[in-house]
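Coordinates in review
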Amino acid sequence: MGSPEFIENTRWIVGNGAKVSLWNDRWIFEEPICKLFPNHPYIALHPHLQVQELIIDNHWCFHEDFLKFFTIDQLPVLKEGEYLLIWGNSHSGVFTVSDAINKIRLHQPKLHWYKKIWNPAVLPSTSAIVWKIARNVCATEDNPRKKGFHFASRCYICHDGEDNIEHILWNCEFSFSPMIKELWIISAYTAMVELWFIRNEIYYDDVKPVLSKIQVRIAKKFHECEVRLKGVMWGTENEKSILQFFNIQVRKIKRTRIIEIFFYLPNENELLLCCDGDARGNPGNAGYGFVVRNHVGAFIFAESGGLGITTNYVAEFISCIKALEWAVEKQSFHLIMQSDSSMCVKALQQ
């Protein structure tokens, strides 16, 4: 008949009742009778009854056993003519694509501050992007995942975290350091509170606002919150100028740590395949990768990719399979494989 969404929003005008299922169609109640009386023995004994079997000469005529499912007063008024399927979301009962889209689409709450976005001083193209960001309808990878598509996701800017609006705006390390983000939050909250206090002073005490006093109060709030700052800084000149403006001491700087790795090189004419895979959450968003080196440690080839939602073991195993497929494609059969998964190594040895 159609999709579940379509069936749930249609109902039957009985007419002569032909081809209208007594139990499975919506013709008397908002739900089919089989859903209102699940696992009922009478329905199980007569699963294929149709409404027309309860109608004789355009009048309702049925056994009293049916009164356990509905009363006579609940039965619809019979009209001459054939049965008719109508669309329940319009007054006319006629199905239209616009009605269907309006029914199944996600209705966003009305934004009371939309006029702030569509400001005449802002370029329309900029306002349009801000509107998409506010509605979370940008073409990020989390939107198709909400529709049932499963694949691994990674931020294209910092390569850490998933590709979604929340991460890009608030957590991506490329935008601002964690310490600067904390300062912006403090400044925004403090400014809003001070505006509210100014309003109350004018209303209750008839005090005229003095800009210098407001700046002193905001600066004092910043110093009170200085001990609460937990974020690290990156040590850029831009950060130092911001800290100097707010008269805040330099914070802990996040430094890149270089990790030295060791591995045994293969013999001459052999290739070393270093394979690895991981899943965030186990199971969760997973990916694989492998690196190929020769007998002197020189880089030969590398590959990585996403696997969607899977487990650590599957990701580890697929990384080895991908490495072996590459070796077969290049006709290299003298190989040494390296993996940190003991279960994967045992499976390949067998």
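This one's a predicted model, so the numbers in the text were calculated from it and none came from an experiment. (Residues numbered from 1 in each chain as written. Predicted model: local features only at pLDDT ≥ 70, side-chain atom pairs only at ≥ 80, totals over all residues. Heavy atoms only, no water.)

Bringing helix α9 (residues 178-205) into the picture now. In a regular helix each residue adds 1.5 Å, so 28 residues correspond to 40 Å; α9 covers 40 Å between its end C-alpha atoms and thus fits that length. Among the residues making up α9, those that are buried are M179, I180, K181, L183, I186, S187, T190, E194, I198 and N200. Where α9 is buried, its residues contact α8 (165-171), α10 (211-225) and α11 (237-246). Directly after α9, the chain includes D206, whose backbone phi takes a positive value near 55°. (Helix = DSSP H or I, 4+ residues; strand = E, 2+ residues; numbered from the N terminus. Expected span 1.5 Å × (residues − 1). Buried < 20%, exposed > 50% of the residue type's maximum accessible area, 1.4 Å probe, protein only. Contact = heavy atoms within 4.5 Å.)

At a closest axis distance of 10 Å, the pairing of α9 and α10 adopts a crossing angle of 140°. Comparing the axis directions of α9 and α10 gives the class oblique. Relative to α10, α9 is oriented so that their crossing is right-handed. Of the residues in α10, those in contact with L183, I186, S187, T190, E194, I198 and E201 of α9 are I214, R217, I218, K221, F222 and C225. Grouping the amino acids of the contact of α9 with α10 by side-chain chemistry returns 7 nonpolar, 2 polar and 4 charged. (Axes fitted to C-alpha atoms, helices over the stretch in contact; angles between N-to-C directions. Parallel < 35°, antiparallel > 145°, perpendicular 65-115°, else oblique. Left-handed = near helix turned anticlockwise from the far one by under 90°. Nonpolar A, V, L, I, M, F, W, Y, C, P; charged D, E, K, R; others polar.)

So, about α11. Of all the residues in α11, the buried ones are E239, I242, L243 and F246. The buried residues of α11 all sit within an arc of 95° when viewed along its axis, so they share a single face. What points out from α11, more than 90 degrees from its buried face, is the exposed set E237, Q244 and F245. Tucked inside the fold, the buried residues of α11 contact α9 and α10. (Arc of directions from axis to C-beta.)

This paragraph deals with the packing of helix α12 (residues 312-329) against helix α13 (residues 342-349). Relative to each other, α12 and α13 sit at 50°, their axes nearing to 9 Å. Comparing the axis directions of α12 and α13 gives the class oblique. Handedness of the α12/α13 crossing: right-handed. Of α13, the residues touching α12 (which contributes Y313, E316, F317 and C320) are M343, C344, A347 and L348. Tallied by class, residues from the contact of α12 with α13 come to 7 nonpolar, no polar and 1 charged.

With that settled, the discussion passes to the packing of aromatic side chains. Here the structure, examined in full by the defined rule, presents 17 aromatic pairs. Between the aromatic rings of W23 and F66, the centroid separation amounts to 6.3 Å while the plane-to-plane angle is 20°, which identifies the pairing as stacked. Note that W23 is positioned in the loop between β1 (10-13) and α2 (33-36) and F66 in the loop between β3 (59-60) and β4 (84-87), a separation of 43 residues in sequence. Taken together, a centroid distance of 5.9 Å and an interplanar angle of 40° make the contact between F290 and F301 tilted. Residue F290 is found in strand β6 (residues 284-293), and its partner F301 is found in strand β7 (residues 299-310); the two are separated by 11 residues along the sequence. Among the aromatic side chains, those forming a connected cluster through ring pairs are W23, W27, F37, Y42, W60, F62, F66, F69 and F70. Over the ring of Y203 we find R199; its NZ or CZ atom is 4.8 Å from the centre of that ring. (Phe/Tyr/Trp six-rings, centres within 6.5 Å; stacked < 30°, edge-to-face > 60°. Lys NZ or Arg CZ within 6 Å of the ring centre and 35° of its normal.)

For β6, the buried fraction is high: 7 of the 10 residues fall into the buried class. Bridge count for strand β5 (residues 271-280) against β6 is 9 bridges, and the pairing is antiparallel. Along β6, the bridge assignment pairs R280 with N285. Hairpin connection between β5 and β6: a loop of 3 residues separates the two successive antiparallel strands, and G281 in this loop has a positive phi of roughly 110°. Note that β6 and β7 share 10 bridges and pair antiparallel. Each bridged residue has a counterpart across the sheet, and for V292 the counterpart in β7 is F301. (Pairing = 2+ DSSP bridges.)

Strand order in the open sheet formed by 4 strands is β7-β6-β5-β8, and the pairing between neighbours is mixed. Each end of this open sheet is capped by a strand with a single partner; those strands are β7 and β8 (335-338). Adjacent strand axes in the sheet meet at a mean angle of 15°, parallel and antiparallel pairs treated alike. Set on the sheet, α12 makes contact with β5, β6, β7 and β8; between it and β5 the angle comes to about 150°.

For the rest of this paragraph, the subject is a nonpolar patch on the surface. Taken together, L169, W170, I185, Y189 and M192 make up a surface patch of nonpolar side chains, about 570 Å² in accessible area. Broken down by secondary-structure element, the contributors of at least two residues to the nonpolar patch are α8 and α9. In terms of residue count, the dominant contributor to the nonpolar patch is α9 (3 residues). If you trace the backbone, Y189 turns up in helix α9. (Patch = residues over 30% accessible without salt bridge, like charges linked within 9 Å, V, L, I, M, F, W, Y side chains within 5 Å. Areas by Shrake-Rupley, 256 points an atom, 1.4 Å probe, with all protein chains shown as cover. Salt bridge = Lys/Arg side-chain N within 4 Å of Asp/Glu carboxyl O.)

For the rest of this paragraph, the subject is the layout of surface pockets. Considered as a void within the structure, the largest pocket measures approximately 490 Å³ in volume. Residue lining of the largest pocket: 19 residues in total, with A152, S153, R154, A286 and G287 positioned closest to the centre. Per-element tally for the lining of the largest pocket: the top contributor is β5, with 5 residues. Looking at the lining of the largest pocket residue by residue, the class counts come to 4 nonpolar, 9 polar and 6 charged. (1 Å grid on protein atoms, 1.4 Å probe; cavity = no way out; pocket = protein on both sides within 12 Å on 5 of 7 lines; lining within 4 Å. Points joined across faces, edges and corners; volume = space filled by probe spheres on them.)

Everything listed here is a matter of coordinates, which is why it stays silent on function.
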